[in-house]
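# Fold and contact review
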Amino acid sequence: MVTMQTDSLISKRAEIYRLLSLMYKEPGEDLSLFVHLLKETLKEMDDEALLKISDEMNGIVADENQSLTDYEIEYARLFVGPFKLLAPPYSSIYLEDKWEVMGRSTQTIESFYQRGGLCVQSMHSKPADHISIQFEFIYYLNYKLIETGDLEYLELQKEFLYRILTHWIPKFNAAIQEHAELAIYKHLGNLTERFIQLDYSSL
């Protein structure tokens, strides 16, 4: 059983997932724009904790105390390596019994993509279990829901949130909180975990 939502709310949810997906990719000159757009979209969600976090993120990028190079270094240190991933953005690392990218849980994720009508082989340049790809998938499902009105796309979202995102995002955020040195990524991790919890409970 899912709760039907208005097209306006579905569009806002989709936009939040789109922006979060972009913010978990390599940072560029448009990072501050993404932070601003996220703040504006979250105003419609009516959650005080999310608004507070997004305000703090907006203040950080507005102050310009960090350069793009600072963000690029922090992103690489947390999410890329080269030696050790401090906060791996891959769900299978948190969902498998051993440290393994593209494990059994990734096959489950790919089956979700296929059920949503996506061609797994051609849909992404990053591994299927990367956080940005998973958020792009929810974004896609929301727009298919608006386009078709088919509640199957909403059911699929809720199942994906329940079986995948709600299980690994808290562990991922814990790693960010432990290892991040720049506040922007600590806030991003907290905002992500809070939003996933709220979004699942709203469906």
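Residues numbered from 1 in each chain as written. Predicted model: local features only at pLDDT ≥ 70, side-chain atom pairs only at ≥ 80, totals over all residues. Heavy atoms only, no water.

### Topic: the packing of aromatic side chains
Here the distance between the centres and the angle between the planes together describe a pair of aromatic rings. The following threshold applies: In this analysis, rings of Phe, Tyr and Trp, with Trp reduced to its six-membered ring, are considered paired at centre separations within 6.5 Å, and the interplanar angle assigns stacked below 30 degrees, edge-to-face beyond 60, and tilted for intermediate values. Charge over a ring is defined by NZ of Lys or CZ of Arg lying within 6 Å of the ring centre and within 35 degrees of the ring normal.
Applying the stated criterion to the full structure yields 18 aromatic pairs. Following the ring pairs from residue to residue traces out a cluster consisting of Tyr17, Tyr24, Tyr75, Phe79, Tyr94, Phe135, Trp168, Phe172, Tyr185 and Phe195. Across the ring face of Tyr200, the terminal group of Lys158 is positioned such that the distance to the ring centre comes to 5.7 Å.

### Some thoughts on the side chain of Glu193
As a reminder, the rule being used: A run of DSSP states H or I qualifies as a helix once it reaches four residues; a run of E qualifies as a strand once it reaches two. Both are numbered from the N-terminal end. The cut-offs for exposure are 20% and 50% of the maximum accessible area for each residue type, with area from a 1.4 Å probe on protein chains only; residues under the lower value are buried, those over the upper are exposed, and the others partly exposed. As used throughout, the charge tally considers Lys and Arg to be positive and Asp and Glu to be negative, leaving His and the chain termini uncounted. Salt bridges are defined by distance alone: a side-chain nitrogen of Lys or Arg within 4 Å of a carboxyl oxygen of Asp or Glu. It only takes one pair of heavy atoms within 4.5 Å for two residues to be counted as in contact.
Relative to the helices and strands, Glu193 resides in helix α9 (residues 183-202). Of the side chains bearing the opposite charge, Arg194 lies closest to the buried Glu193, which forms no salt bridge; the N-O distance is 9.1 Å. Setting aside residues no more than four positions away along its own chain, Glu193 makes contact with Ile169, Pro170 and Asn173.

### Some points on the environment of Gly149
In this structure, Gly149 sits in the loop between α7 (131-148) and α8 (152-179). For Gly149, a relative accessible area of 45% gives the class partly exposed. Taking the C-alpha atoms as reference, Gly149 lies 37 Å from Ile176; in sequence the two are 27 residues apart.

### Things to note about the pattern of salt bridges
Evaluated as defined, the whole model comprises 14 salt bridges. Taking the shortest distance from any N to any O, the salt bridge between Lys25 and Glu136 comes out at 2.6 Å. Here Lys25 is found in the loop between α1 (7-23) and α2 (31-42), whereas its partner Glu136 is found in helix α7, with 111 residues between them in sequence. Of the residues examined, Lys25 reaches a relative accessible area of 23% and is grouped as partly exposed. In this structure, Lys126 and Glu26 form a salt bridge, with 3.3 Å as the shortest nitrogen-oxygen distance. A residue pair is termed long-range when its members are at least 10 positions apart, and Lys126 in the loop between α6 (104-115) and α7 and Glu26 in the loop between α1 and α2 qualify at 100 residues.

### A few points about α7
The condition that has to hold: Take the residue count of a helix, subtract one, and multiply by 1.5 Å to get its expected span.
For α7, built from 18 residues, the straight-helix expectation of 26 Å at 1.5 Å per residue is met to within 8% by its first-to-last C-alpha distance of 26 Å. Among the residues making up α7, those that are buried are Ile131, Ser132, Ile133, Gln134, Phe135, Phe137, Ile138, Leu141, Asn142 and Leu145. Looking at the buried positions of α7, the neighbouring elements they touch are α1, α5 (91-95), α6, α8 and α9. At the exit of α7 stands Gly149, carrying a positive phi of roughly 70 degrees.

### Examining the packing of helix α3 (residues 48-63) against α9
Selection rule: Angular values range over 0 to 180 degrees, each being the angle between N-to-C directions of two axes fitted as lines to C-alpha atoms, with helices fitted over their stretch in contact. For classification purposes, angles smaller than 35 degrees are called roughly parallel, those larger than 145 roughly antiparallel, those between 65 and 115 roughly perpendicular, and all remaining angles oblique. Crossing handedness: left-handed means the near helix sits turned counterclockwise from the far one by under a right angle, and right-handed means the same turn made clockwise.
At a closest axis distance of 10 Å, the pairing of α3 and α9 adopts a crossing angle of 155 degrees. Put simply, α3 runs roughly antiparallel to α9. The way α3 lies across α9 gives a crossing that is left-handed. Residue-level inspection shows Ala49, Leu50, Ile53, Ser54, Glu56, Met57, Ile60 and Val61 of α3 in contact with α9, the latter providing Ala183, Ile184, His187, Leu188, Asn190, Leu191, Arg194, Phe195 and Leu198.

### Some details on the nonpolar core
As a rule of thumb, soluble globular proteins bury nonpolar side chains together. Heads up, the condition is: In plain words, nonpolar cores are sets of buried Ala, Val, Leu, Ile, Met, Phe, Trp, Tyr and Cys residues tied together by side-chain atoms within 4.5 Å.
By size, the foremost hydrophobic cluster in this structure holds 59 residues, and its most contacted members are Phe79, Phe135, Phe160, Leu165, Phe172, Ile184 and Tyr185. Considering every element that reaches this core, the biggest residue donor is α8, with twelve residues. In this structure, Phe79 is in contact with Tyr24, Leu85, Ala87, Pro89, Phe172, Ile176 and Tyr185, ignoring residues within four places of it in sequence.

### Focus on the environment of Glu96
With respect to the helices, strands and loops of the structure, Glu96 is situated in the loop between α5 and α6. When its relative accessible area of 10% is taken as the criterion, Glu96 is described as buried. The sequence separation of Glu96 and Leu85 amounts to eleven residues, and the corresponding C-alpha distance is 16 Å.

### Some words on unusual backbone geometry
One non-glycine residue, Asp46, lies in positive phi territory at about 55 degrees. Relative to the helices and strands, Asp46 is located in the loop between α2 and α3. Classification of Asp46 as exposed rests on a relative accessible area of 70%.

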